[in-house]
Amino acid sequence: MDDILEKLGLRKPEDKKVDSAAKPASTVTSNPQASRAIPRPISEVDVVKQMEQLSGGNDNWKVSIVELLTLLKIDSSREARNKLALELGCPSELMDDSAQMNMWLHKAVLRKIALNGGNIPPSLLD
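Residues numbered from 1 in each chain as written. Predicted model: local features only at pLDDT ≥ 70, side-chain atom pairs only at ≥ 80, totals over all residues. Heavy atoms only, no water.

(A) Local environment of the environment of Asn 119. Assignment of secondary structure puts Asn 119 in the loop between helix H7 (98–115) and helix H8 (122–125). Each C-alpha atom of the pair Asn 119 and Val 48 lies 7.3 Å from the other, and the pair is 71 residues apart in sequence. In this structure the side chain of Asn 119 is engaged in a polar contact, spanning 2.8 Å, whose partner is the backbone nitrogen of Val 47. (Helix = DSSP H or I, 4+ residues; strand = E, 2+ residues; numbered from the N terminus. Polar contact = N/O pair within 3.5 Å; in protein donor to acceptor, adjacent residues only side chain to side chain.)

(B) A look at the packing of helix H5 (residues 78–87) against H7. Between H5 and H7, the shortest axis-to-axis distance is 10 Å and the interhelical angle comes to 55°. As far as their axial angle goes, H7 and H5 are oblique. When the axes of H5 and H7 are compared, the crossing they make is left-handed. Side by side, H5 and H7 meet where Arg 78, Arg 81, Asn 82, Leu 84 and Ala 85 of the first sit next to Ser 98, Met 101, Asn 102, Trp 104, Leu 105 and Val 109 of the second. (Axes fitted to C-alpha atoms, helices over the stretch in contact; angles between N-to-C directions. Parallel < 35°, antiparallel > 145°, perpendicular 65-115°, else oblique. Left-handed = near helix turned anticlockwise from the far one by under 90°. Contact = heavy atoms within 4.5 Å.)

(C) Up close: the layout of surface pockets. If you add up the space inside the second largest pocket, you get close to 170 Å³. The dominant element in the lining of the second largest pocket, judged by the number of residues it contributes, is H5, at 5 residues. Looking at the lining of the second largest pocket, its residues break down into 6 nonpolar, no polar and 5 charged. (1 Å grid on protein atoms, 1.4 Å probe; cavity = no way out; pocket = protein on both sides within 12 Å on 5 of 7 lines; lining within 4 Å. Points joined across faces, edges and corners; volume = space filled by probe spheres on them. Nonpolar A, V, L, I, M, F, W, Y, C, P; charged D, E, K, R; others polar.)

(D) Quick look at the environment of Leu 105. By secondary structure assignment, the location of Leu 105 is in helix H7. Classification of Leu 105 as buried rests on a relative accessible area of 0%. Along the backbone, Leu 105 and Val 66 are 39 residues apart, and their C-alpha atoms lie at a distance of 9.9 Å. Each residue touching Leu 105, except ones within four places of it in the same chain, is listed here: Ile 65, Arg 81, Leu 84, Ala 85 and Leu 88. (Buried < 20%, exposed > 50% of the residue type's maximum accessible area, 1.4 Å probe, protein only.)

Structural data, given as structure tokens:
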């Protein structure tokens, strides 16, 4: 999911390093303040505008996870989509049905983009 956020300008490569450094260690530390993540303000990114520019006005990305990933130049193979679906918590009963998993994954990706500062219209999140 990080690569999608990065391509949309919602996450920079250095954010991954900050996030991993800010995660609490698995061992107990003597300084609890050191293990807390530093909050960063989220800036809103016009995802629809970016996607429309990439698609040349083709709206298929609004309904197709394959199209969305392809426009972002991210691997859209079944294997890559399965991995992303598992990362985002896709219910196991959907994993064997490609069409159902793709629909679930598309909504989950759009929700995750919205949660990270992307301006996804509510009509695409329903």
